[in-house]
Amino acid sequence: MSSAFMVCFVPSFQQFPRLCATREALLAKECCPRWEGDGSACGARSGRGFCQDVQVEDQPHGPQYPFSGLDDREKWPLVFYNRTCQCAGNFMGFSCGDCRFGYFGVNCNERRESLRRNVFHLTRAERIRLVSYLNLAKQTLSRDYVVATGTYREMENGSNPMFADASVYDIFVWMHYYVSRSALLGGPGNVWTNVDFAHWAPAFLPWHRVYLLHWEHEIRKLTGDMGFSIPYWDWRDAQGCDVCTDELMGGRNPQDPNLLSPGSVFSSWKVLCSRAQEYDNRGVLCDAKEEGPLRRNPGNHNHDLVEQLPTSAEVEFTLSLTNYDTGPVDRSANMSFRNTLEGFGDPRTGLGNSSRRGMHAALHVFMNGSMTSVQGSANDPIFLLHHAFVDSIYEQWLRRHRPSPSQFPDSNAPIGHNGGYHMVPFLPLHRNREYFISSKDLGYEYSYLLDASKYQRLSESIHPYLEELQGVWPFLLLSALLGGVVAVAIAAAILTGTRRYKKLPWLHVRKWKHLFALPERQPLIWSSDKEETGHPNYQTVM
């Protein structure tokens, strides 16, 4: 299978680029790799970009994080690099070797809109392809980037690099861990847990939007399938984990309900960066080593924390909230769309600091396993399908309310969440406010949000069934031909029998009819009088 998927690798987006994880780059505090297309830093000779000083915002952040200069993620990415590639036009990437989201082609001038579809509307072949791509990403060691296993201080300010290899999939697992980990203040157990550069505050939705876009992009490059898009799981009103089947994200192991079925490829997956409490106790970063099997036990969670999966009514209430964020723009925010969608605002009242988890957070709790940990949740491939649907709700809100850019706070949000803050740990750099825009501006759409007639949406939903029929139509055609031959043969036999029957008058029906006659109670076909009363018949129903 791998030979069908393997393609030539080119420099990728994520942190840390292998070319920038060297002693020389760290000491120079510069991440401006050469673009292989022309051999110049950032593709400068081709006008793709230039190596420039990083400009970080100086707006104050909120009181949730009372320190300064202790965490590598503060004023990202200045602790590691103060010069990076700034790309021009439609170019993007840490070496400006790739295209901005929504653009394709050698010169990044082909505009295309990708369609993210309901996972249950995929054909069988598309479902197989999805699982295969996920597994390929998990098994393929990244040639483009590595992960940090030590702080900048532990790296002796860059003179002793501490990085580890990881698979294409696990790079993203590490990124989600790194952005949400505790702040290490020095020594075992000396950590600050009330900090997260991608959760519990305004950047939650823009950050995860960029995360999915990069993940989608990496799968396309890994497989060569430029038409690939992440599907979503519409969990509204679901009674259980609909995607937990061996054909999709893995069923339940009959021998151990906390593990996945051996019939699923995901049962062999090993997780990493999932032991947050252990790292905090030791005062260290995740070392990116395998930590055991993927765990999941959907539905056997704390029902005092989550009653049920989110309902359509709760989604609609969340969408009705007009303010993107409110008050201290954290978990206590009242009547905040972001806080309610994230799951800390009550999806029936909009009040923050809810005693129960709703919406996005409810799914994580419900899965009762690897997904339950904020830092380790991306180990479970359901994470991608879940967050694609969360992103679609974000998209619905943006289209319904058309918020002013000023709704996204420029200052006093929890650290990492101001509008001008660079998202941790992405290279190239993305600012939070840049993704407070419609998905259409980023080159993708959701099938159930199509600006189209109901007939087009119906066509999208029955697409997998039509595609399945394409594989069996020759059989159906042959069956129809054989059926026709049989029908002709039967008709011929009946005609022959009728002719012979006429020559045998003792078999005539009139001589025997009185023996079997029954009184007629009601006609088999309704009269025209019945039709006039308004009662339906087969014709009127059709």
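Rules of the game
- Counting of residues starts from 1 at the beginning of each chain's written sequence and follows it residue by residue.
- With pLDDT at 70 or above as the cut-off, local features in this predicted model cover only qualifying residues; side-chain atom pairs require 80 or more to be listed or tallied, and sums for whole chains, interfaces and linings still use all residues.
- For the side-chain quantities, the full set of heavy atoms in the structure was used; hydrogens and water were omitted.
- Any residue with an atom within 4 Å of a point lines the site, the site being either a cavity, points on a 1 Å grid over the protein atoms alone where a 1.4 Å probe fits but cannot get out, or a pocket, an open set with protein on both sides within 12 Å along at least 5 of 7 lines.
- Grid points are joined across faces, edges and corners, and a volume is the space filled by probe spheres set on the points.
- In this text, helices come from DSSP runs of H or I with a minimum length of four residues, and strands from runs of E with a minimum of two, each type numbered from the N-terminal end.
- Here the nonpolar group is Ala, Val, Leu, Ile, Met, Phe, Trp, Tyr, Cys and Pro; Asp, Glu, Lys and Arg are the charged ones; every other residue, Gly included, is treated as polar.
- Should DSSP find at least two bridges between two strands, the strands are regarded as paired.
- Stacked, edge-to-face and tilted labels apply to pairs of Phe, Tyr and Trp rings (six-membered ring for Trp) whose centres lie within 6.5 Å, assigned for plane angles under 30 degrees, over 60, and everything in between, in that order.
- Throughout, exposure labels follow a simple rule: accessible area from a 1.4 Å probe, protein chains only, divided by the maximum for the residue type, with under 20% read as buried, over 50% as exposed, and the rest as partly exposed.
- Whether a charge sits over a ring depends on NZ of Lys or CZ of Arg being within 6 Å of the ring centre and within 35 degrees of the ring normal.
- As a per-residue measure, pLDDT reflects the predictor's confidence and takes values from 0 up to 100.
- Any two residues whose heavy atoms approach within 4.5 Å are treated as being in contact.
- Cysteine sulfur atoms are paired as a disulfide whenever they fall within 2.5 Å.
- UniProt positions are given in the numbering used here, feature names are shortened, and annotations may be inferred rather than shown by experiment.

Undergrad: Where do I start with the layout of surface pockets in this structure?
TA: By rolling a water-sized probe across the atoms, one finds the places where empty space is left. Here the second largest pocket is characterised by a volume of approximately 450 Å³. Lining the second largest pocket we find 22 residues, and of these Cys 87, Met 92, Leu 429, His 430 and Glu 434 sit closest to its centre. Secondary structure elements with two or more residues in the lining of the second largest pocket: strand S3 (83-87) and strand S4 (91-92). The element best represented in the lining of the second largest pocket is S3, accounting for three residues. In terms of residue class, the lining of the second largest pocket is made up of 12 nonpolar, five polar and five charged.

Undergrad: Could you clarify how one ought to interpret the sheet that holds S3 in this entry?
TA: Pairing between the strands of a sheet comes from backbone hydrogen bonds, and it takes one of two forms, parallel or antiparallel. Taken together, the three strands give an open sheet; going across it, the order is S1-S3-S2, and neighbouring strands pair in mixed fashion. The open sheet terminates on both sides in strands that have one partner only, identified here as strand S1 (30-31) and strand S2 (49-53). Pairing between S2 and S3: five bridges, direction antiparallel. Along S3, the bridge assignment pairs Phe 50 with Gln 86.

Undergrad: Is there a simple way to think about the packing of aromatic side chains in this case?
TA: Within a pair of aromatic rings, the relevant descriptors are the distance that separates the centres and the angle that separates the planes. Scanning the entire structure with this criterion turns up 35 aromatic pairs. Aromatic side chains Phe 80 and Tyr 152 sit 5.4 Å apart centroid to centroid with 80° between the ring planes, which places their arrangement in the edge-to-face category. Residue Phe 80 is located in the loop between S2 and S3, and its partner Tyr 152 is located in the loop between strand S9 (147-148) and strand S10 (163-164); the two are separated by 72 residues in the primary sequence. Residue Phe 80 is classed as buried on the basis of its relative accessible area of 0%. By relative accessible area, which is 11% here, Tyr 152 ends up buried. Here Tyr 232 and Tyr 446 contribute two aromatic rings whose centre-to-centre distance is 5.9 Å and whose plane-to-plane angle is 70°, an arrangement assigned as edge-to-face. Of this pair, Tyr 232 sits in the loop between helix H5 (204-223) and helix H6 (276-282) while Tyr 446 is found in strand S13 (residues 444-446), placing the two residues 214 residues apart along the sequence. Comparing Tyr 232 with Tyr 446 shows no difference in burial state: the two are buried. A cation over an aromatic ring shows up here: Arg 116 above the ring of Tyr 444, its NZ or CZ 4.0 Å from the ring centre. Sitting above the plane of the Phe 344 ring, Arg 331 keeps its charged end 5.9 Å from the centroid.

Undergrad: I tried to follow the pairing of S3 on my own but got confused; where do I start?
TA: Each regular strand shows side chains that alternate between the opposite faces of the sheet. Relative to S3, S1 runs parallel, the two being bridged by two bridges. Pairing of Cys 31 across the sheet is with Thr 84, part of S3.

Undergrad: Where do I start with the confidence of the model for the protein chain in this structure?
TA: It should be kept in mind that the predicted coordinates are not to be read in detail where pLDDT is low. Averaged over every residue, the pLDDT of the protein chain is 87; the share at 70 or more is 81%. In this model residues 1-14 is a low-confidence stretch, pLDDT under 50, and it forms 50 contacts with partners more than four residues away in sequence or in other chains.

Undergrad: Any chance you could explain the state of the cysteines here in plain terms?
TA: The final tally for this structure, using the stated rule, is seven disulfides. Across a sulfur-sulfur distance of 2.1 Å, Cys 20 and Cys 31 are joined as a disulfide pair. Here Cys 20 and Cys 31 share a disulfide; its torsion about the S-S bond, 80°, makes the bridge right-handed. With Cys 20 in the loop between helix H1 (2-5) and helix H2 (23-28) and Cys 31 in strand S1, this pair connects stretches of sequence that are 11 residues apart. You can call Cys 20 buried: its relative accessible area is 2%.

Undergrad: Please clarify how the environment of Ser 114 should be interpreted in this entry.
TA: Note on placement: Ser 114 falls in strand S8 (residues 114-116). Filtering out sequence-adjacent residues up to four positions away, Ser 114 remains in contact with Arg 220, Ser 229, Gly 443, Tyr 444 and Glu 445.

Undergrad: In this structure, what is going on with the UniProt feature "domain: Tyrosinase copper-binding" (unreviewed entry) in the protein chain? I would like to understand it.
TA: Following the UniProt record, the feature "domain: Tyrosinase copper-binding" (unreviewed entry) maps to residues 199-216 and 380-391 here. Counting secondary structure, residues 199-216 comes out at 72% helix and 0% strand; the distance between its end C-alpha atoms is 21 Å. Along residues 380-391 one finds 83% helix and 0% strand; the C-alpha atoms at either end are 18 Å apart.

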